[in-house]
Structure formats: C-alpha cells, structure tokens
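The primary structure of each chain is shown beneath.
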Amino acid sequence: MLTLLTAFVGGADGERPSDVALMQGLARKNQGALETLYDRYSRPVYSLALRITRQPAAAEEIVQDVFLQLWRTADRFEVSRGHLEPWLFTLARNRALDQLRMKTEKQRRREDAIEGMPIASPPQNFEAGLDARRQGEKVRGVMALLPELQRKAIELAFFDGMTHSEIAQAMQQPLGTVKSWIRSGLLRLREALEAT
Amino acid sequence: MSDCSQLKGSYQAYALGALDAEERTEIDAHLARCCPVCTAEVERARWVVSQLAHLAPPAEPPARLRARVLQSARGRVVPIRPAVPVWGWAAAVAVLVLFAIFSARQVGELRQQVTQLQADLGNERARIAVLSQDKRQFEKVLGIVSGAGTRSFVLKAAHNEPVIQAYWHETLGLALAAQNLPPIAQDRTFQLWVVPKKGAPMSAGIFRPDASGAVLHLNTPAAKLADASMLAITNEPAGGRPSPTLPPIWAAPVTEGK
C-alpha cells in the first residue's frame, strides 16, 4: 500500500518521494501527500515552535496552523524556486513569535505577504530530507564554535524575536557589539552551509 | 537614500528580524523598488536564518496532533459546488431588488451601528490581548516553578520588608514573586541582579510592584545559574542602570545543590 502511495505521489520505484512531488500531490488535495509531509517535518517544526513559545499547547496550534497553511497554498508554492523546509521553518517561527507578541491581524497579513516571497534554494549539492540531519549537525557545529555571548545574541534574535537594541539592553552590551556579533555569526553560518 | 553597498551588511539581520524599526524601513523601501541584487541577497539570508531552527532542542509532537492536522485538512477541502436551481436564481434577483429600494436613511443608520460595533470589537480584542498576555505570563511562571531542576531562593531584606521568592530554571528562565511590597517612588524602579562568582553584577530586569504591592517578574538571565553566587535587588532610577548604584535591599546567596 505504501509503495502504491509513494508511486502515486511521484516517487519512483518506491524511493523516498521528493518534496516537489509531495507538494504537487498536495496541490491535488492528496491526503497521503499531506501525511508524508507531516511525518517528515512535524518534529522539527514542533521543536522550533516549542522552543520559542515554551508552551506545548501553543506549539501544537502552530504546527496545525503551518500544515494547514501548506495544505491551502500548495498550488501556489513555487517549488521551482524554494525548498519546503526553510519555508516551513520561517512560517513556524513567524507564527510562534506572533503568539509571543500578540500581533494584530493587520500585522500578520503584512507578514503573510512577505512569507509569500520565495525563500532562496539551498546550495546545489543539497538534497532535501536526505541531508537534513547533516544540515542540522553542521548548523549546531558552527554555532557551538561561536563565543557564548555571540551565540546567545543570535539565539535571542531568532528564538525570542529581539531586535539589536533589545538584545543590547538584555545582555548589557554595546549596540555596535551586538550588531557585529549577529552579522559575523550569520556570515560564518552561511559560509559553512554553502561549503561543499 | 542608501544603495546596495550600504545595505548589504544588514541583510542577515533583516532576515532575522533583528533590525530596529528605522533600519528595517530603509531596507523595506529599497526592496520595494525590486532591486535584483538586494532581493536575491535577502532571499539567501532568509534561507540561512531558517536553518537556525536546527538549534531547537528536538521534541516529539504528541500523537494526537497528527490526527488533528489530517482531520482539519479533510474538513477544509472545498466541496464541489451544488448546482443552483432556477428558483434559487429568482430568489437572488428578488433580494437584489429589495436591497436596491432600501431607504438611504436606513442604510446610514446601519452604517453607524457597524462603526460602533467595530469600535466595541476593537476594545474587546484589546482586553482579550491583555488577558491573554497575563495568562501566558502565568503559564510561563507555572512552567518555571514546576520545572524539573528549578532552584528556589528566598531573598530577604535587612529591615521589615516582606521576602521575595525567586525560582530559577536553567532554560525556562527566572521568575520572581512577592506580595505586600512597599510602594516605590514614580521615578524609581526595583532592579534584579545576578552576581556572578567572578565579574560584575548582571541585570536581570526591572520591575515595580502593582497597586496592591504584588510583583510577578519574568526574565531570561544572561548569566548561567551555575556561575551565580548571589541574587540581589536594588532601588534604581526609572529605567534601571547598567550596574547597581546602591547597596541591595533584598539578597539571597546561590549555593550548591538544590
């Protein structure tokens, strides 16, 4: 049954179906495609939402919201331009930070328009899913090498949605130092992720 | 007006959402002009930022969530529209005719009622937002207080002020709770400090008691619990200070063990 299902959604010879094939299935309202995508990405999406909100109930709502958004907009997703995982992470992070800040509907609609922008594809040698674990290890490895305060600043920005000024105040550090930490830290991460 | 070379150092922070309002507005305006260079670089930066999600500690979603998501998707599948019978179209035309002859004065009254309802709805939403924020704050405090590995401290004052209870969880944060605290001048604030074993005291936020003297303060200290030697609270000018300006009013040692 599973073999038939994966063949239907575009996987060849029982291989793991690509995100592109699954999104095409989703656009045709194929429930099996949604199940496969959920099984593939629910754990990292939930982990991210839980880390930001620190509330399991809120994290569950965000996961549901993200996958329903995926279901609703599958036919508009630019699979040729962006991979799915970064889009899911970005949407989940935005929704989680929305919860923290209780944003108005107007502000959310503005950011939904930004979320409609395609997220750049990863480097040519990256294959979604197959390299996800290695990607995660690489990210954690790069961040672990950063000085503690620099890592803390980036985490405050990413997981707590803080701006430069807010981070500088929270960490009692000069604003220029915080800006430099974040810029250089993310550039190091980009270099590591783009290296073959 | 900035050009690409001036903005390129800010792409990462922009994608992260870390830019302050003025800088963010500048890049928004530049991207709105569809600069191909900056648009591509921001897309690239957004991808890099998205990968920070891998830093989140792995957590397993509950099994029930899968069923909820799939059921919700089934419920949202758009049904095939049923064919509209002829009488249905006639009824629709009749409604349109009636609406057309509806008096202008009645329409005006309805508009006023809608405006009032919108204002009431806005007020209710604001009230719900405040209540939701309080609820989230209490839930966070509950999480810290009941968390495994949470350490508790009692900050005592030299004089007759009530004690202040502190609960510190390494990852969830620090919660401070007290009642019947003395009032504080309008231009002053209480400030919590984490005194490390080595180095200067580090601020863990400012707070003021409410009208009843109650305090519930949440913070994610920059200092680590393992490196702390003392928690202390001073009375500082409004807005707090980078370092204490007066001796502490309340203090508690951070000792080894629970």
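Residues numbered from 1 in each chain as written. Chains lettered and ligands numbered in written order. Predicted model: local features only at pLDDT ≥ 70, side-chain atom pairs only at ≥ 80, totals over all residues. Heavy atoms only, no water.

## Comments concerning the confidence of the model for chain A
Residues and elements named next belong to chain A. Note the cut-off: Scored between 0 and 100, pLDDT is the confidence that the predictor attaches to each residue. The numbering of helices and of strands both runs from the N terminus, where a helix is a DSSP run of H or I of at least 4 residues and a strand a run of E of at least 2. Contact criterion: two residues are considered in contact whenever any of their non-hydrogen atoms come within 4.5 Å of each other.
Mean pLDDT over chain A stands at 81; residues scoring 70 or higher make up 74%. When mean pLDDT is compared element by element in chain A, helix 8 (residues 148-160) scores highest at 96, while helix 1 (residues 2-8) scores lowest at 43. Within the model, the stretch residues 1-13 combines pLDDT values under 50 with 16 contacts to residues more than four positions away or in other chains. Predicted confidence is poor over residues 124-130, with pLDDT under 50, and the contacts of this stretch with residues over four places away or in other chains come to eleven contacts.

## Observations regarding the environment of B:Thr171
Its location among the elements puts B:Thr171 in the loop between strand 2 (164-169) and strand 3 (173-178). Note: C-alpha distance between B:Thr171 and B:Pro221 (50 residues apart in sequence) is 9.6 Å.

## Structural notes on the interface of chain B and chain A
Which entries qualify depends on this criterion: The term buried area denotes the loss of accessible surface (1.4 Å probe radius) that occurs when two parts are joined, taken as the sum for both partners. In what follows, salt bridge is the name for a side-chain nitrogen of Lys or Arg lying within 4 Å of a carboxyl oxygen of Asp or Glu. Polar contacts, as used here, are pairs of N or O atoms within 3.5 Å; protein pairs need one atom able to donate a hydrogen and one able to accept it. Residues neighboring in sequence count only if both atoms are side-chain atoms.
Counting residues at the interface gives 55 residues for chain B, matched by 68 residues for chain A. Together, the buried faces of chain B and chain A total about 6,000 Å²; carbon and sulfur atoms form 59% of this surface. At the boundary of chain B and chain A, one finds eight salt bridges. At the surface where chain B touches chain A, the tally comes to 19 residue pairs in polar contact (both at pLDDT 80 or more). Of all the elements in the fold, those that place two or more residues in the side of chain B that touches chain A are helix 2 (11-16), helix 3 (21-32), helix 4 (36-50), helix 5 (63-76) and helix 7 (104-146) of chain B.

## Examining the side chain of A:Lys152
Under the convention used in this document: Note on classification: 1.4 Å probe, protein chains only; a residue is buried when its accessible area is under 20% of the maximum for its type, exposed when over 50%, partly exposed between these limits. Two residue types count as positive, namely Lys and Arg, and two as negative, namely Asp and Glu; His and chain ends fall outside the count.
With respect to the helices and strands, A:Lys152 occurs in helix 8. No salt bridge is formed by the buried A:Lys152; its nearest oppositely charged neighbour, A:Glu155, is found at 6.1 Å. Not counting the four nearest positions on each side in its chain, A:Lys152 is found in contact with A:Met171, B:Thr220, B:Pro221 and B:Ala222.

## Quick word on the pattern of salt bridges
Using the criterion set out here, one finds 13 salt bridges over all chains in the structure. Of the charged contacts in the structure, one is a salt bridge between A:Asp39 and B:Arg66, with a shortest N-O distance of 2.7 Å. A residue pair is termed interchain when its members come from two chains, as with A:Asp39 in helix 3 (residues 31-53) and B:Arg66 in helix 5. Given a relative accessible area of 46%, A:Asp39 falls into the partly exposed group. A single network of salt bridges, built from pairs that share partners, joins A:Arg190, A:Glu194, B:Glu41 and B:Arg44.

## Comments concerning the nonpolar core
What counts, and what does not: Definition used in this section: a nonpolar core is a set of buried Ala, Val, Leu, Ile, Met, Phe, Trp, Tyr and Cys residues joined via side-chain atoms within 4.5 Å.
Residues A:Leu26, A:Leu70, A:Leu84, A:Ile182, B:Leu16 and B:Leu52 are the most contacted members of the largest nonpolar core, which totals 76 residues. In terms of nonpolar packing, the next biggest core, distinct from the first, is built from 25 residues, B:Leu155, B:Phe190, B:Ala223 and B:Leu231 among them.

## Concerning unusual backbone geometry
All names here are of chain A. If you check the backbone angles, lysine 29 has positive phi at about 60° while not being a glycine. Take lysine 29: it is sitting in the loop between helix 2 (19-27) and helix 3. Although it is not a glycine, glutamine 172 sits at a positive phi angle of roughly 55°. On the secondary structure map, glutamine 172 appears in the loop between helix 9 (164-171) and helix 10 (175-194).

## Side note on helix 4 (residues 56-73) of chain A
To keep things clear, this is the line we draw: By this rule, a helix spans an expected 1.5 Å times one less than how many residues it contains.
Over its 18 residues, helix 4 of chain A runs 26 Å from end to end, which matches the ideal 26 Å to within 8%, given 1.5 Å per residue. Summarising burial for helix 4 of chain A: 13 of the 18 residues are buried, a large majority.

## Brief notes about the confidence of the model for chain B
Low-pLDDT stretches of the model should not have their predicted coordinates read in fine detail. Residues and elements named next belong to chain B. Taken residue by residue, chain B gives an average pLDDT of 83. The fraction at 70 or more is 87%. Scored below 50 in pLDDT, residues 77-83 makes two contacts in the model with residues more than four places away or belonging to other chains. Interface predicted TM-score (ipTM) for the complex: 0.85; the corresponding pTM is 0.56.

## Regarding the packing of aromatic side chains
All names here are of chain A. Definition in use: Whether two aromatic rings pair depends on their centres lying within 6.5 Å, for rings of Phe, Tyr and Trp, where Trp uses its six-membered ring; planes under 30 degrees apart make the pair stacked, over 60 edge-to-face, and the rest tilted. Consider the ring centre and the ring normal. A charge sits over the ring if Lys NZ or Arg CZ is within 6 Å of that centre and within 35 degrees of that normal.
As enumerated under the stated definition, the model contains four aromatic pairs over all chains in all. Pairing tyrosine 38 with phenylalanine 67 gives two aromatic rings, centres 5.1 Å apart and planes at 55°, and the pair type is tilted. Highlighted residues: tyrosine 38 in helix 3 and phenylalanine 67 in helix 4, separated in sequence by 29 residues. Like phenylalanine 67, tyrosine 38 is buried. Ring centres of phenylalanine 158 and phenylalanine 159 lie 5.0 Å apart, and the angle between their planes is 85°; on these two criteria the pair is classed as edge-to-face. No difference in accessibility class separates phenylalanine 158 from phenylalanine 159, as the two residues are buried. A cation over an aromatic ring shows up here: lysine 29 above the ring of tryptophan 71, its NZ or CZ 4.7 Å from the ring centre. A cation over an aromatic ring shows up here: arginine 51 above the ring of phenylalanine 159, its NZ or CZ 4.3 Å from the ring centre.

## Topic: the environment of A:Val142
Residue and element names in this part refer to chain A. Topologically, valine 142 is positioned in helix 7 (residues 132-145). Placed 49 residues apart in sequence, valine 142 and glutamate 191 show a C-alpha to C-alpha distance of 9.9 Å. Beyond its immediate sequence surroundings of up to four residues, valine 142 is in contact with Arg188, Leu189 and Ala192.

## What about helix 9 of chain A?
Basically, it comes down to this: Think of the arc as the fan of directions from the helix axis to the C-beta atoms.
Taken residue by residue, helix 9 of chain A has A:His164, A:Ile167, A:Ala168 and A:Met171 as its buried positions. On an axial view of helix 9 of chain A, the arc spanned by its buried residues comes to 100°, and they lie on one face. In this fold, the buried residues of helix 9 of chain A make contact with helix 8 and helix 10 of chain A together with helix 2 and helix 3 of chain B. Just past helix 9 of chain A, the residue A:Gln172 takes up positive phi, approximately 55°.

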